[in-house]
Amino acid sequence: MEYVQRKFLETIEQYHMLRQGGRVVAAVSGGADSVCLLALLCGLRGELGIQVRAVHVHHGLRGDEADRDAEFVQQLCEGFKVPFALRRVDVREFARAKKLSEEEAGRLLRYRVFEECAGAWERGAWAEWAVEGTIWPEGAGEAGGGNAWPKADWAADGAHGAASGDSPETDGVRIAVAHHGDDQAETILHNLCRGSGLKGLGGMRPVRGRIIRPLIAVSRKEILEWLAANGLSFCQDSTNDTDHYTRNRIRRQLIPMLQEQVNPGAVESILRVGRLAGQADDYLSGQAREWTGHHVREENGRILVPGEAFERLPEILRAYVIFQVMTRVGGRAKDLTSGHVDQVMGLFGMQAGRSQDLPYGIRAVREYEGVVIGRRETASGQPRTEAVFRYFSYKKGTEIPKNQYTKWFDCGKIKGTPVVRSRQSGDYITLADGRTKTVRRFMIDEKIPREKRDSVLLLADGSHILWIVGYRISEYYKVGPDTVRVMEVRMGAPARDDPASDVIKEDENGGKDHGR
């Protein structure tokens, strides 16, 4: 059973998940996978000097069984001498209000709780936060919008994904979840059946922001054998024994059929294809970003993809270019499909004036020079997203502008494709002392009225916020002695009724110092 510990540690080292003396919150449901995760993390307290805490989310769906699980996890944590927090969420009501499936609502609420838990630890507020309570995280699952498009060299940050993962921040609290190899195979098959491209076939990333998956290379069978060998018990979730959910049917019917009737090593083969798909997606995404950075043009929030240069691209790169442009304009990618990409690509063969309307208020229009992708006229009250980007080499000693609506950022620290949008679940910003704070908590602390919070513009690198426009920029992305290239972003001043218009002045560090 040393194999499980070895793969666990190798995965942590390969993807730089935990540093010596780091802090990690384990998401513990009480099932076999999460019990194994917690036990293995506790085993690293001596070797790596890490600090481990645990959080359990009670979904309010399974009655006495859910209460049993919560009590079991609390006792388990007491046995491991791990600080424990319990949070209750109303999944059914949240799903009804947001028009989501209970499965999706539960996932959104869980990850929101995980983020709040990590943030509370970073702020030194664990004792207050860990008091048992029922929460319905504000803003979970809400869509943002907006666009931002750099003119050149914006692809220099490099690719990331299934092969490499997104390296978490150096000093932040990590969140460890217990997804394993079988879960990864289920995800890949699910995405395949839904018609996903290479990104979906790459499955779950070992690292996404502060989320880490150290069991991703271990199988469910190996986890069960390891628990038995170490005398560790766990809870059984009765919902896993039904075929109500799609993933359960893949786990209980499709994968066993593949193993029995096609290939006993089907799971390993699926995982191998997933790794290759992830690597291919990383490469193609990087190539598309590089091409886009040199060829597309933006004027007044409308992005032109020039037809002549576009037609010279291989077809697969054309699809990546269009998807990246749509994602930047819309602010998110969740509901953008290959069908939408095909609709836009089809415009290049049509006469000028033809158009396609897409999710998130996106409209693509055929013009003489190519296809312009932008947003339809936004409804009253939606945040305005006018932004001008400029990229240039940085010379030490150059004076950094102190304009409230013009900011400089270190290009080398930007991991993804920055977008201007409104807040989303899981957003956070790095403070002056290196700690992180959720955007939700920031807005509460700043006493921004609830009804105006969705109107505050954010410049986002995934969930990590570079700039809360009109308030402050992230310490992490600031220009420093090691900066090579700068991304300058200039935003139009807000209307007087915008919440940011109440800010009189930002300090010379780029924002009010809320870290003190």
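Here's a quick rundown of the structure. (Residues numbered from 1 in each chain as written. Predicted model: local features only at pLDDT ≥ 70, side-chain atom pairs only at ≥ 80, totals over all residues. Heavy atoms only, no water.)

Secondary structure summary: the chain contains 15 helices and 21 strands in total. When each of the 516 residues of the chain is scored for burial, the buried share is 53%. When the accessible surface of the chain is summed, it comes to about 23500 Å², and 49% of that surface belongs to carbon and sulfur atoms. (Helix = DSSP H or I, 4+ residues; strand = E, 2+ residues; numbered from the N terminus. Buried < 20%, exposed > 50% of the residue type's maximum accessible area, 1.4 Å probe, protein only. Areas by Shrake-Rupley, 256 points an atom, 1.4 Å probe, with all protein chains shown as cover.)

Before going further, it helps to spend a moment on the state of the cysteines. Disulfides are covalent bonds that link the sulfur atoms of two cysteine residues. Summed over the entire model, instances satisfying the criterion amount to 0 disulfides. Free of any disulfide, C42 has its nearest cysteine sulfur in C77, 7.8 Å distant. By relative accessible area, which is 9% here, C42 ends up buried. (Disulfide = S-S within 2.5 Å.)

To continue, consider the environment of L336. Looking at the secondary structure, you find L336 in the loop between α13 (315–330) and α14 (338–347). Its relative accessible area of 7% is what places L336 among the buried residues. Setting aside residues no more than four positions away along its own chain, L336 makes contact with F323, M326, T327, P359, Y360 and I362. (Contact = heavy atoms within 4.5 Å.)

Once that is clear, we can look at the sheet that holds strand β8 (residues 297–299). Across the sheet, 5 strands lie side by side as β8-β9-β12-β11-β10; this open sheet has antiparallel pairing. Of all the strands in the sheet, the pair left with one neighbour each is β8 and β10 (355–358). Across the sheet, the mean angle from the axis of one strand to that of its neighbour is 20°, orientation sign disregarded. Of the strand pairs in this sheet, β8 and strand β9 (residues 302–306) are connected by 3 bridges, and their pairing is antiparallel. Considered in β9, the bridge of E298 is made with I303. Relative to the sheet, α13 contacts β9, β10, β11 (362–366) and β12 (370–375), its axis offset from that of β12 by approximately 25°. Taken strand by strand, α14 contacts β10, β11 and β12, and its axis lies near 160° from that of β10. (Pairing = 2+ DSSP bridges. Axes fitted to C-alpha atoms, helices over the stretch in contact; angles between N-to-C directions.)

Turning our attention to the pairing of strand β19 (residues 464–468). The buried fraction of β19 is high, at 5 of 5 residues. Bridge count for strand β18 (residues 458–461) against β19 is 4 bridges, and the pairing is antiparallel. Directly across from D461, in β19, lies its bridge partner H464. Where β18 folds back on β19, the antiparallel hairpin that results is connected by 2 residues, among which G462 adopts a positive phi of roughly 70°. As paired elements, β19 and strand β20 (residues 472–473) share 2 bridges and run antiparallel to each other. Pairing of W467 across the sheet is with I473, part of β20. Hairpin connection, β19 to β20: the antiparallel pair is bridged by 3 residues, and G470 has positive phi, about 90°.

Taken as a whole and judged by the stated rule, the model has 26 salt bridges. Its salt-bridge partner being R210, residue E122 comes within 3.2 Å of it at the nearest N-O pair. Of this pair, E122 sits in helix α5 (residues 102–122) while R210 is found in the loop between β6 (207–208) and β7 (211–212), placing the two residues 88 residues apart along the sequence. There is no split in this pair, since E122 and R210 are both buried. Salt-bridge contacts for R251 lead to E186; the nearest nitrogen and oxygen are separated by 3.0 Å. On the criterion of sequence distance, the pair formed by R251 in helix α10 (residues 246–261) and E186 in helix α7 (residues 181–193) is long-range, its members being 65 residues apart. Assessed through its relative accessible area of 2%, E186 is described here as buried. Each member of the salt-bridge network shares a partner with another, and the members are R6, K7 and E10. (Salt bridge = Lys/Arg side-chain N within 4 Å of Asp/Glu carboxyl O.)

Within the largest apolar cluster, 42 residues are counted, with the highest numbers of intra-cluster contacts made by F8, L18, V24, L38, L41, I50 and L215. At the level of elements, α1 (2–14), β1 (23–27), α2 (32–47), β2 (51–58), α3 (64–80), β3 (84–89) and α9 (220–229) are the ones that each hand at least two residues to this core. It is α2 that contributes the most residues to this core, 10 residues altogether. Filtering out sequence-adjacent residues up to four positions away, V24 remains in contact with L18, L41, I50, Q51, V52, R53, W121, V173, R174, A176 and I212. Counting residues in each nonpolar core, the second largest holds 28 residues, with W291, F310, I322 and V344 among its members. (Core = buried A, V, L, I, M, F, W, Y, C linked by side-chain atoms within 4.5 Å.)

Another point: the packing of aromatic side chains. Taken as a whole and assessed by the stated rule, the structure comprises 8 aromatic pairs. Between the aromatic rings of Y111 and F114, the centroid separation amounts to 5.4 Å while the plane-to-plane angle is 70°, which identifies the pairing as edge-to-face. Separated by 3 residues within a single helix, Y111 and F114 lie in helix α5, roughly one turn from each other. Like F114, Y111 is buried. Ring plane angle 65° and centroid distance 6.1 Å describe the contact between W121 and W126, whose orientation is recorded as edge-to-face. W126 matches W121 in its accessibility class, with the two residues each being buried. (Phe/Tyr/Trp six-rings, centres within 6.5 Å; stacked < 30°, edge-to-face > 60°.)

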